[in-house]
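This is what each chain is made of:
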There are 2 protein chains.
Amino acid sequence: MEDRAQIQEHIKTQGELVRRLKSEKASKEQIDEEVAKLLQLKAQLGGEDGKHQFVLKTPKGTRDYNPKQMAIREKVFNTIISCFKRHGAETIDTPVFELKETLTGKYGEDSKLIYDLKDQGGELLSLRYDLTVPFARYLAMNKITNIKRYHIAKVYRRDNPAMTRGRYREFYQCDFDIAGQYDAMIPDAECLKIVHEILSELQLGEFCIKVNDRRILDGMFAVCGVPDEKFRTICSTVDKLDKMSWEDVKKEMVNEKGLSEEAADQIGEYVSMRGGMDLAERLLQDQKMCQNKQACAGLSDIKLLFSYLQLFQVTDKVVFDLSLARGLDYYTGVIYEAVLTQAGLPPLANDSQNGASSEESAGVGSVAGGGRYDGLVGMFDPKGRKVPCVGVSIGIERIFSIMEQKAEASAEKVRTTEVQVMVASAQKNLLEERLRLVTELWSAGIKAEVMYKKNPKLLSQLQHCEEGGVPLVAILGEQELKDGVVKLRVVSTREEVRHTPLHNTRTCESSSGALHRHSCPETTRFLKDNISKS
Amino acid sequence: MEDRAQIQEHIKTQGELVRRLKSEKASKEQIDEEVAKLLQLKAQLGGEDGKHQFVLKTPKGTRDYNPKQMAIREKVFNTIISCFKRHGAETIDTPVFELKETLTGKYGEDSKLIYDLKDQGGELLSLRYDLTVPFARYLAMNKITNIKRYHIAKVYRRDNPAMTRGRYREFYQCDFDIAGQYDAMIPDAECLKIVHEILSELQLGEFCIKVNDRRILDGMFAVCGVPDEKFRTICSTVDKLDKMSWEDVKKEMVNEKGLSEEAADQIGEYVSMRGGMDLAERLLQDQKMCQNKQACAGLSDIKLLFSYLQLFQVTDKVVFDLSLARGLDYYTGVIYEAVLTQAGLPPLANDSQNGASSEESAGVGSVAGGGRYDGLVGMFDPKGRKVPCVGVSIGIERIFSIMEQKAEASAEKVRTTEVQVMVASAQKNLLEERLRLVTELWSAGIKAEVMYKKNPKLLSQLQHCEEGGVPLVAILGEQELKDGVVKLRVVSTREEVRHTPLHNTRTCESSSGALHRHSCPETTRFLKDNISKS
């Protein structure tokens, strides 16, 4: 632990920093962060008694999961994993951090959001920002040229958190990717099929999967007269169309990014287009678009994609939307994003400021996204050998928020344990008997518990069951022990079902060892029968 | 990305550092680390073409899990989680990092192994070192006074890795803890019961659970004449008895730590003692020991503990061992550690150097540990309110290593997917039919896949099944389509089981929509029947 003098020195420096930032009129966010650090240091110094005081919180943008939240999380994961497995995926895992340079140059402007580790000697490390780059590194490192895998793990972004709406700095991604040289659009279509299955099964309400293609975007920019070097930056402005009105997007293009008004208007025409296979066919006939080779290739693929989506029976939810432009640098072909469209979702903080229309604000219900990235693995291969990849990432935090709200609203109680029987006693001095019986139940695979008291009150044992949703109580009492039976009580109805021989006397007599004496198959069989009934 | 000039500057400074360390004869480890960093920087600079080259590796002391390793990991986790649930535990999760100060002052000398995050503005953060301190922080923060929870997650230690033997810098812990004011030794005994169940179920061979008590250790040091201020340091020397001979331990006590030879010899007598309840009873009569209040309290509790362990039927594996002295600062009462005692475990790198006897080297097969920590939660509470806790942590990496070796040695192939049926075609141009059928199977909950080629060869489809252990293939061919049937083939026996109507013609005629036309309950029912048989 640092000593007081050192901490006091830190506090002094930090205080000066805060004052300077304030005088320089630095951003509120920056000042807040440095003030937080100052308070943290002061707390570390403690009160006048010198006692160390703790700031009792989790780091900014993170949270604990309590048992109820974990129960919901487990349910969501089970649905997602079942789907991934149904589609034949294997799973892998990678470390939470990577060499810093592994992440360098993959995320464009977002690289500033990467968490770095302190240089404590040795390698320079960063926390993973997504699961896609580690996956590409894994493929290149192990020279894997085809695999269908899922990966569920936490990723880290030093973004501005909006926690009540499910935006965190530490959050889960559930990724499914198909790597390999295959015929066009078949794996791409399966990724969309998977999103469709998962969102349907989770019953999150209406949703829509927007589809576009990086090549169509680039072709569109070209034919609208956007200079080559402005593709990226104009693309990132288009990407804001789910949060901003077209007027504001156009303003940004023209005023901030120096695009001609004419070019912006042409883009505006295209990005308002939405449709299905018909739209792809129409654009293939579009005089301007069909001049561009890239755009044509993209449009033909979209057409092919929709033919497979028809066979997969998911076209009801998929929309070809030319305004979709995902930010990440590494996409090379088809891109997609799933959004929840049903009303009743809490809006994200940013939206109200931007005066987004109701249709557009629905866009922030984004819960999955992905696309094709044929160049990423090659970036890691010493010889640049490419492995074509396509994948999808399900964003879980927002889904959790919705499921949590649903659970709150529902009358049904979320159980946080799976206990089937509580072994209770009606009188004092029966701890030994309780421990013996619960041991029998455990070895029979029954989920059971006892209270950790020598002489718990029957009422408090029953209350524990009611609170935790434990369906059955096996009650031991002096009379029962005398009669050699156990009383079984159904908690919900308070009905006492039946008595059963607790110890088979003949077995007892014929055996000698303590271990054998208490084994009582009849009791456990009786309990098992009643558990399956209850 | 940093520009070349900056990187070259870094390389220069780093090169100087390495040269200086070498001239100063710094430790090999330190030099290696700095050389690694130098190479990393050079690689970043790339070849003469200026092309960025990547070091293709995971950070030191970490690893990826490939699909086969994940399949084994899943199996181990399932066993452990089932046991935790059988004992009625809830589960929680906490962030991978904590405020730095949350971890400060909890780990004694080991604090230097904590990973810190870089100060990028905002709070100072560290990666969690174990799951116990975050658990205590969670309890204090949420004012929880009793809970039985498990938590399975990765923790981080900048320790010297020995990866082939399962010692990593990123590794899993599976923790089960009981917090709350209960009657003595009942929850403690359940923790040992849980270790016993898990290690038995995993079939890792013979094991032994050593038990001791922090109060007995302290009492022993007191009656042997160890000065108060030397308790901690002498205790950490005793802790090395599982890796060093008593002679070496004594040497360290006397020569390095300045203990009198007489005191050391007295300690030597005690720490050679091993037994069960009988030993606790004998030591309660021991003239010296029974003078010490702390020691007496500890010994009485060990006696009580063994009485519960008898009821739980686990005394066969539990040994009261006075040489057990776990390092962590926060233990206050009973402590325990489970070790695998069977021969055939690969020894850890350090052991051979220390000339450990075979019995002692078995000690490095430590796979679980824990104890009582009644003061930790109070360290986080502003008013110091205590919540008594006891828990156990299962170390998974070593168990994985053993399970992996077993899987390698076994003839049985580890499957990495759960695919039940491959939908294949015998001729060209049947992609549409394959996609239709696999869609049906998915919606019936059958795990199925198709190859992502328009015209895959039948042989390569069958090979894929043999390699991946897919038990069944549904084969579509022109003849089959004409006859309206599907051929089902058992991969292992190459037997072709039966034909079934592929499309019910009458249903087709009566319906009109494309969606309805291809739904074929008979096919899926037939496949389901055959899956359950295969």
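As the structure is a prediction and not an experimental result, all values here were calculated from the model.

**Q** For this particular structure, what's the right way to read the overall build of chain A?
**A** Helix and strand counts for chain A stand at 22 helices and 16 strands. Here chain A displays about 23,200 Å² of accessible surface, and carbon together with sulfur accounts for 49% of that area.

**Q** What should I look at first to understand the packing of helix α3 (residues 67-86) of chain A against helix α16 (residues 396-409) of chain A in this one?
**A** Packed helix pairs are specified by the crossing angle of their axes together with the interaxial distance, meaning the distance between the axes. All names here are of chain A. For the pair α3 and α16, the least separation of the axes is 10 Å and the interaxial angle reads 120 degrees. As far as their axial angle goes, α16 and α3 are oblique. Seen from above, α3 lies across α16 with right-handed handedness. Between α3, through K68, Q69, I72, R73, V76, F77 and I80, and α16, the contact on the second element is made entirely by I396, I399, F400, M403, E404, A407 and E408. Its residues assigned to classes, the contact of α3 with α16 shows nine nonpolar, one polar and four charged.

**Q** I'm lost on the sheet that holds strand β6 (residues 207-213) of chain B in this one. Help?
**A** What holds strands together in a sheet is hydrogen bonding between their backbones, with the strands either parallel or antiparallel. Residue and element names in this part refer to chain B. Read from one edge of the open sheet, nine strands run β1-β4-β5-β11-β10-β9-β6-β8-β7, paired in mixed fashion. Both edges of this open sheet fall to β1 (90-91) and β7 (274-275), since each of them pairs with a single strand only. Both strand β9 (residues 334-340) and strand β10 (residues 366-372) contribute to a ladder of five bridges, which runs antiparallel. Considered in β10, the bridge of E337 is made with G369.

**Q** Quick question: what am I supposed to make of the relation of the copies chain B and chain A here?
**A** With an RMSD of 0.2 Å, the fit of chain B onto chain A corresponds to turning through 180 degrees and sliding 0.0 Å along the axis. The transformation relating the two chain copies, once decomposed into turn and shift, fits a two-fold axis. The overlap is high: 100% of the interface residues of chain B also sit at the interface in chain A, so the same surface is used on both sides.

**Q** Explain the pairing of β6(B) to me, please; I cannot follow it from the model alone.
**A** Looking along a regular strand, one sees side chains alternate from face to face of the sheet. All names here are of chain B. Within β6, seven of the seven residues are buried, which leaves the element mostly enclosed by the surrounding structure. On β6, burial covers both faces: F207, I209, V211 and D213 on one face and C208, K210 and N212 on the other are all buried. As paired elements, β6 and β9 share seven bridges and run antiparallel to each other. Along β9, the bridge assignment pairs N212 with I335. With three bridges joining them, β6 and strand β8 (residues 318-321) adopt parallel strand pairing. Residue pairing for β8: K210 is matched across the bridge by V319.

**Q** What is the right way to read helix α17 (residues 431-443) of chain B from this model?
**A** Residues and elements named next belong to chain B. Taking 1.5 Å of rise per residue, 13 residues should cover 18 Å, and α17 covers 18 Å from first to last C-alpha, within 8% of that figure. Of the residues making up α17, those classed as buried are L431, E433, R434, L435, R436, L437, V438, T439, E440, L441 and W442. Positive backbone phi, approximately 80 degrees, marks G445, located one or two places after α17.

**Q** Just to check I follow, could you spell out the packing of helix α6 (residues 186-201) of chain B against helix α12 (residues 293-311) of chain B for this structure?
**A** Residue and element names in this part refer to chain B. At a closest axis distance of 9 Å, the pairing of α6 and α12 adopts a crossing angle of 50 degrees. It follows that α6 is oblique to α12 by the angle criterion. Handedness of the crossing formed by α6 with α12: right-handed. Facing I186, D188, A189 and L192 of α6, the residues of α12 in contact are L305, Y308 and L309. Of the residues contributing to the contact of α6 with α12, the split by class is six nonpolar, no polar and one charged.

**Q** Can you walk me through the interface of chain B and chain A in this structure?
**A** One frequent convention defines the size of an interface as the accessible area lost when the parts assemble. Chain B puts 106 residues into the contact, and the matching count from chain A is 106 residues. Surface buried jointly by chain B and chain A totals about 9,900 Å² across both partners, of which 59% is contributed by carbon and sulfur atoms. Contact with chain A buries surface across chain B, with E101(B), W442(B) and Y452(B) losing the most and accounting together for 9% of the total. Where chain B packs against chain A, one counts 18 salt bridges.

**Q** What is the right way to read the UniProt feature "binding site: L-histidine" (unreviewed entry) in chain A from this model?
**A** Residues and elements named next belong to chain A. Under the local residue numbering, the UniProt record ascribes the feature "binding site: L-histidine" (unreviewed entry) to D130, L131, T132, R157, Q173, D177, R326, Y330 and Y331. Inspection of the secondary structure puts R326 in the loop between β8 (318-321) and β9 (334-340). In contact with R326, not counting residues within four places along its chain, are R214, D239, Y331, I335, Y336, E337, G369 and G370. Among the secondary structure elements, Y331 is positioned in the loop between β8 and β9.

**Q** Honestly, the packing of aromatic side chains in this entry has me stumped. Any pointers?
**A** The geometry of an aromatic ring pair is captured by the separation of the ring centres together with the interplanar angle, meaning the angle of the planes. Counted according to the given criterion, the structure contains 28 aromatic pairs over all chains. Their ring planes at 45 degrees and their centres at 5.3 Å tell us that Y115(A) and F97(B) sit as a pair that is tilted. In this pair, Y115(A) sits in the loop between α4 (100-103) and β3 (125-127) while F97(B) sits in strand β2 (residues 97-99), so the two residues belong to two different chains. In this structure an aromatic cluster arises from ring pairing among Y107(A), Y129(A), Y330(A), Y331(A) and Y373(A). A cation over an aromatic ring shows up here: R157(A) above the ring of Y129(A), its NZ or CZ 4.0 Å from the ring centre. We note R158(A) situated over the ring of Y115(A); from NZ or CZ to the ring centre the distance is 6.0 Å.

**Q** So what exactly am I meant to see when it comes to the side chain of D64(B) here?
**A** Structurally, D64(B) can be placed in the loop between α2 (28-45) and α3 (67-86). In this structure D64(B) comes out as buried when scored by relative accessible area, which is 11%. Only 2.7 Å separates the side chain of D64(B) from the side chain of R137(A), close enough to count as a polar contact. Each residue touching D64(B), except ones within four places of it in the same chain, is listed here: D93(A), T94(A), P95(A), R137(A), Y138(A), M141(A), N142(A), T58(B) and Q69(B).

**Q** Mind showing me how you'd approach the sheet that holds strand β4 (residues 147-156) of chain A here?
**A** Residue and element names in this part refer to chain A. The nine strands are arranged β1-β4-β5-β11-β10-β9-β6-β8-β7 in an open sheet whose pairing can be described as mixed. With one partner strand each, in any of the chains shown, β1 (90-91) and β7 (274-275) form the two edges of the open sheet. The sheet contact formed by strand β10 (residues 366-372) and strand β11 (residues 389-395) spans five bridges and is antiparallel. Its bridge partner being in β11, R372 is matched across the sheet by V390. Relative to the sheet, helix α12 (residues 293-311) contacts β6 (207-213), β7, β8 and β9, its axis offset from that of β8 by approximately 170 degrees. Packing of α16 onto the sheet brings it into contact with β5 (170-179), β9, β10 and β11, and relative to β11 it is tilted by some 35 degrees.

**Q** Is there a simple way to explain the state of the cysteines in this structure?
**A** A covalent bond between the sulfur atoms of two cysteines is referred to as a disulfide. All names here are of chain B. If you walk through the whole model with that rule in mind, you get zero disulfides over all chains. Take C235: it sits in no disulfide, and the sulfur closest to it among the cysteines is that of C224, at 13 Å. In this structure C235 comes out as buried when scored by relative accessible area, which is 8%.

**Q** Would you take a moment to explain the pattern of salt bridges for this structure?
**A** Here the idea is simple: oppositely charged side chains can pair when their charged atoms come close. Inspection of every chain in the model, using the stated rule, returns 86 salt bridges over all chains. With its nearest N and O atoms 2.9 Å apart, the salt bridge here joins R215(A) to D301(A). Residue R215(A) is located in helix α7 (residues 214-223), and its partner D301(A) is located in helix α12; the two are separated by 86 residues in the primary sequence. Here R215(A) and D301(A) have matching classes, each one buried. With its nearest N and O atoms 3.5 Å apart, the salt bridge here joins R169(B) to E33(B). Taken together, the residues span a long stretch of sequence, with R169(B) in the loop between β4 (147-156) and β5 (170-179) and E33(B) in helix α2 at a distance of 136 residues. Among the residues examined, R169(B) registers a relative accessible area of 6% and is labelled buried. One connected set of salt bridges, linked through shared partners, spans R73(A), K154(A), E170(A) and D93(B).

**Q** For this particular structure, what's the right way to read the confidence of the model for chain A?
**A** Any region with low pLDDT has predicted coordinates that should not be read closely. Residues and elements named next belong to chain A. The predicted model of chain A has a mean per-residue pLDDT of 87, with 88% of residues at 70 or higher. This stretch, residues 347-363, has a pLDDT under 50; its non-local contacts, to residues over four places away or in other chains, come to 28 contacts. Of the regions scoring below 50 in pLDDT, residues 504-519 engages in 14 contacts with residues more than four places distant in sequence or in other chains. The complex prediction reports pTM at 0.85, with the ipTM value standing at 0.85.

**Q** I would appreciate a short explanation of unusual backbone geometry in the present structure.
**A** It is generally the case that most residues other than glycine have a negative phi and that most peptide bonds are trans. The backbone phi angle of K25(A) is positive, close to 55 degrees, even though this residue is not glycine. Here K25(A) lies in the loop between α1 (4-23) and α2 (28-45). For K143(B), which is not a glycine, the phi torsion comes out positive at approximately 50 degrees. For K143(B), the location among the structural elements is in the loop between α5 (132-141) and β4.

**Q** How should I be thinking about the side chain of K85(A) in this particular structure?
**A** On the secondary structure map, K85(A) appears in helix α3. Sequence-distant contacts of K85(A), that is, excluding residues within four places in its chain, are made with Y150(A), E74(B), E418(B) and K447(B).

Calculation criteria
Residues numbered from 1 in each chain as written. Chains lettered and ligands numbered in written order. Predicted model: local features only at pLDDT ≥ 70, side-chain atom pairs only at ≥ 80, totals over all residues. Heavy atoms only, no water. Helix = DSSP H or I, 4+ residues; strand = E, 2+ residues; numbered from the N terminus. Areas by Shrake-Rupley, 256 points an atom, 1.4 Å probe, with all protein chains shown as cover. Axes fitted to C-alpha atoms, helices over the stretch in contact; angles between N-to-C directions. Parallel < 35°, antiparallel > 145°, perpendicular 65-115°, else oblique. Left-handed = near helix turned anticlockwise from the far one by under 90°. Contact = heavy atoms within 4.5 Å. Nonpolar A, V, L, I, M, F, W, Y, C, P; charged D, E, K, R; others polar. Pairing = 2+ DSSP bridges. Least-squares fit on C-alpha atoms with pLDDT ≥ 70 in both. Buried < 20%, exposed > 50% of the residue type's maximum accessible area, 1.4 Å probe, protein only. Expected span 1.5 Å × (residues − 1). Buried area = accessible area lost by both parts, 1.4 Å probe. Salt bridge = Lys/Arg side-chain N within 4 Å of Asp/Glu carboxyl O. UniProt positions renumbered as here; feature names shortened; annotations may be inferred. Phe/Tyr/Trp six-rings, centres within 6.5 Å; stacked < 30°, edge-to-face > 60°. Lys NZ or Arg CZ within 6 Å of the ring centre and 35° of its normal. Polar contact = N/O pair within 3.5 Å; in protein donor to acceptor, adjacent residues only side chain to side chain. Disulfide = S-S within 2.5 Å. pLDDT = per-residue confidence, 0-100.

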